[in-house]
Amino acid sequence: MFIGHWAPALVAAAHPKAPKLGTLFVAGQLVDFGFFTLMMLGVEKMRIDPSASVMNPMDLYHMPYTHSLLGNALWAVAFAAIIWAVTKNRTGAIIGGLVVLSHWFVDWLVHVPDLTLYGAPPKLGLGLWNHPEIAMPLELGITFAALIFYIVKTRARTSSARLALGLLALVLLTVQVVNWFGPPPGEPSAGAALFVLGTYTALCLLAAWVGSTRQHPQAALQG
Ligand SMILES: [Zn+2]
């Protein structure tokens, strides 16, 4: 999954005590930030294999620290601890940690068996990447349903709220369509990893802007 990882972030952001939307966008992709960083360092590994799946030629054959359920859970605990240390908001910390943890389960839907429980076989994954007719509507569906949920549950607080939201929706759709129909990824390289990390970062910054233009109805009542 790509933009689908931000569906849990958008749903979580509707909670009045949730961390900021930009923080939750980082949470949704935290272990992919981790994977592409560790890949550059040669710690986790992938290779290009066009037969890996119908939709994704990346053979993700070694990612025990980021995409095992245990590894993902440790990233979630660490992220929650940071939020708690900075904000002393316990509910917000738990929400942030759960969004980090959602990554493994959302990935499980589409990945061919390359996910693990603790870094060793069995390898798990439902494999919807072999069924684009299901995977594509599913990813767009959960992401935009979550975006609508977030819009309904929050209120605009600045005049740029509509512009920010429209831009986020447009960029989410664009990066996903380019991901599906653009040129296939080349062999893994530091440059390719940095490009992916830069794209994630840009989306997180855009989400942070959207979050700054909106508030929860309770906050609106308090003025
Ligand atoms: Zn992932």
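The structure this text deals with has already been given above.
Quick notes on the rules
Residues numbered from 1 in each chain as written. Predicted model: local features only at pLDDT ≥ 70, side-chain atom pairs only at ≥ 80, totals over all residues. Heavy atoms only, no water. Helix = DSSP H or I, 4+ residues; strand = E, 2+ residues; numbered from the N terminus. Rg over C-alpha atoms; globule rule 2.2 N^0.38 Å. Buried < 20%, exposed > 50% of the residue type's maximum accessible area, 1.4 Å probe, protein only. Axes fitted to C-alpha atoms, helices over the stretch in contact; angles between N-to-C directions. Left-handed = near helix turned anticlockwise from the far one by under 90°. Contact = heavy atoms within 4.5 Å. Phe/Tyr/Trp six-rings, centres within 6.5 Å; stacked < 30°, edge-to-face > 60°. Donors = N, O, S within 2.8 Å, 3.2 Å for Na, K, Ca; no water. Core = buried A, V, L, I, M, F, W, Y, C linked by side-chain atoms within 4.5 Å. Expected span 1.5 Å × (residues − 1). Bend = angle between axes of the 7 residues up to and from the residue. Polar contact = N/O pair within 3.5 Å; in protein donor to acceptor, adjacent residues only side chain to side chain.

1. Points about the overall build of the protein chain
Step number 1: Along the backbone of the protein chain there are nine helices and four strands.
Step number 2: When the helices and strands of the protein chain are listed from N to C terminus, the series reads α-α-α-β-β-α-α-α-β-α-α-β-α.
Step number 3: Here the C-alpha radius of gyration of the protein chain, 17 Å, is about what a compact globule of 223 residues would show, namely 17 Å.
Step number 4: Each principal axis of the C-alpha distribution contributes one length, and for the protein chain these read about 55 × 35 × 30 Å.
Step number 5: Across the 223 residues in the protein chain, those meeting the buried criterion constitute 46%.

2. A look at the packing of helix α2 (residues 21–28) against helix α5 (residues 90–110)
Step number 1: At their nearest, the axes of α2 and α5 sit 7 Å apart, and the two run at 35° to each other. Helix-helix and strand crossings are classified by hand; for α2 and α5 the assignment is right-handed. Across from L24, A27 and G28 in α2, the residues of α5 making contact are I95, G96, V99, V100 and H103.

3. Thoughts on the environment of W180
Step number 1: Position of W180 relative to the elements: it lies in helix α7 (residues 161–181).
Step number 2: For the pair W180 and I82, spaced 98 residues apart in the sequence, the C-alpha separation amounts to 34 Å.

4. Focus on the packing of aromatic side chains
Step number 1: Scanning the model with the defined rule gives nine aromatic pairs in all.
Step number 2: Plain terms: the ring middles of F36 and Y200 are 6.3 Å apart, the flat faces sit at 65° to each other, and that makes the pair edge-to-face. With F36 in helix α3 (residues 30–40) and Y200 in helix α8 (residues 190–212), this residue pair connects regions lying 164 residues apart in the sequence.
Step number 3: Here the aromatic cluster, defined as three or more aromatic residues joined through ring pairs, consists of F2, W6, F25, F33, F35, F36 and Y200.

5. Regarding the coordination of the zinc ion
Step number 1: Donor atoms from the polypeptide that bind the zinc ion are D32 (OD), H67 (NE2), H103 (NE2) and D107 (OD), placed at 2.1 to 2.2 Å.
Step number 2: Read N to C, the donor residues that coordinate the zinc ion are spaced as D-x34-H-x35-H-x3-D. Taken together, the residues span a long stretch of sequence, with D32 in helix α3 and D107 in helix α5 at a distance of 75 residues.

6. Overview of the nonpolar core
Step number 1: Counting residues in each nonpolar core, the largest one holds 58 residues, and the members touching the most others are W6, L21, L24, F25 and L168.
Step number 2: Each residue touching L21, except ones within four places of it in the same chain, is listed here: A9, L10, A13, Y150, A207, V210 and G211.

7. Considerations on the environment of V31
Step number 1: Position of V31 among the secondary structure elements: in helix α3.
Step number 2: For V31 and A76, which are 45 residues apart along the polypeptide, the C-alpha to C-alpha distance reads 9.0 Å.
Step number 3: Excluding anything up to four places from it in sequence, V31 contacts T66, H67, N72, W75 and H103.

8. Side note on unusual backbone geometry
Step number 1: The step from P121 to P122 runs through a cis peptide bond, and the omega angle for that step is 10°.
Step number 2: Following the sequence through the fold, P122 ends up in the loop between α5 and α6 (132–153).

9. Comments concerning α5
Step number 1: Its 21 residues place the ends of α5 32 Å apart at the C-alpha level, agreeing with the 30 Å of an ideal helix rising 1.5 Å per residue.
Step number 2: Of all the bends found along α5, the most pronounced is centred on S102 and spans about 25°.
Step number 3: With a side-chain oxygen lying 3.3 Å from the backbone nitrogen of T91, the N-terminal cap of α5 falls on N89.

By themselves, these are just geometric observations and shouldn't be taken as functional.
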